[in-house]
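Below, each chain spelled out in residue letters.
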Amino acid sequence: MNITLIKAENRKNSSTYNAAKYLISRLENIDKVFEFTLPEDMPHVCKGCYACLYGNEDKCGGYEYLKPVNEAFEKSNLIIFCSPVRCFHAPGQIKSFLDHYGYRWLVHRPDFDMLKKQAVIITTAGGGGLKSAAKDIKDSMDYWGVARTHVVAYSVWQYFWDDMPEKFKKGFKRKLDKTAKSIKKCAKNLKPSVKVSFLYNMFKRLHLGGKMWQIDNDYWKNNIPNL
């Protein structure tokens, strides 16, 4: 199994990053982990130029930064997002990163390999905002067509991993253990979730019926997989 890890900060003692490392340790047959830190590895901010939507992805200012990320996605079975809460939502650098993949939503020209992958969203907060921060990312995972997305949300009360009280850490690890078991179980016979299946079939009908943008309709007709 290969894993792509997207983290929103470079602190080695962060609760999200260490939770991700713990989760990975509970999985099996790990070959490679590709790590990317935002915004260092993707500093470009989407300007809404529509280049990607019109099929000119190479004209985007973030194109070269995204190359290694896209290559990692292609090789990975699992994508992990480490997202602390910022003002009740995911950090701006994660939102900016995800903005560059609007053209990869099912409504446009998705990477159909995502239907064979899983994702994990690990989000922590000193207080509230866990659900809204996770939703910021899960919306993209569902509309990318990621088969299964697991969410681990945990309030750490502003503790870093190393100074987190043991009872807090044990509770966090229990959630991560449960998620690791779910990932391994789903991997044995991976199928898209009910929501992803619904979205996929809805947009499939629209695209094959010629109801959407022509560039997107043509893409679906030429690349659609057999589920």
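Everything here concerns the structure above.
Keep in mind it's a predicted model, so treat the numbers as computed, not measured.

Q: Hey, could you run me through helix H5 (residues 166-188) in this one?
A: An α-helical turn contains 3.6 residues, so a residue and the one three or four places further along point in the same direction. In this model, H5 (23 residues) spans 33 Å end to end at C-alpha, consistent with the 33 Å of a helix rising 1.5 Å per residue. Every buried residue belonging to H5 is among Phe168, Lys169, Gly171, Phe172, Leu176, Thr179, Ala180, Ile183 and Cys186, and all of these are buried. Packing partners of the buried residues in H5 comprise helix H1 (15-25), strand E3 (78-84), strand E4 (118-125) and strand E5 (148-155).

Q: I would appreciate a short explanation of the sheet that holds E4 in the present structure.
A: Hydrogen bonding along the main chain pairs the strands of a sheet, whether they run parallel or antiparallel. Spatially, 5 strands are ordered E2-E1-E3-E4-E5 in an open sheet, and the strand pairing comes out parallel. The open sheet has two edge strands, strand E2 (32-37) and E5, and neither has a second partner. Put simply, the sheet's adjacent strands are angled 15 degrees from each other on average, direction ignored. Two strands pair when backbone bridges link them, and E3 and E4 are joined in this way by 7 bridges, in the parallel orientation.

Q: For this particular structure, what's the right way to read unusual backbone geometry?
A: Peptide bonds are mostly trans, and most non-glycine residues show a negative phi. Along the chain, Leu38 connects to Pro39 via a cis peptide bond; the corresponding omega equals 5 degrees. Looking at the secondary structure, you find Pro39 in the loop between E2 and helix H2 (63-75). One non-glycine residue, Asn29, lies in the positive phi region at around 55 degrees. For Asn29, the position within the fold is in the loop between H1 and E2. Phi angles above zero are rare outside glycine, and Cys87 is one such case at about 55 degrees. Note on Cys87: relative accessible area 77%, which makes it exposed.

What counts and what doesn't
- Residues numbered from 1 in each chain as written.
- Predicted model: local features only at pLDDT ≥ 70, side-chain atom pairs only at ≥ 80, totals over all residues.
- Heavy atoms only, no water.
- Helix = DSSP H or I, 4+ residues; strand = E, 2+ residues; numbered from the N terminus.
- Expected span 1.5 Å × (residues − 1).
- Buried < 20%, exposed > 50% of the residue type's maximum accessible area, 1.4 Å probe, protein only.
- Contact = heavy atoms within 4.5 Å.
- Pairing = 2+ DSSP bridges.
- Axes fitted to C-alpha atoms, helices over the stretch in contact; angles between N-to-C directions.

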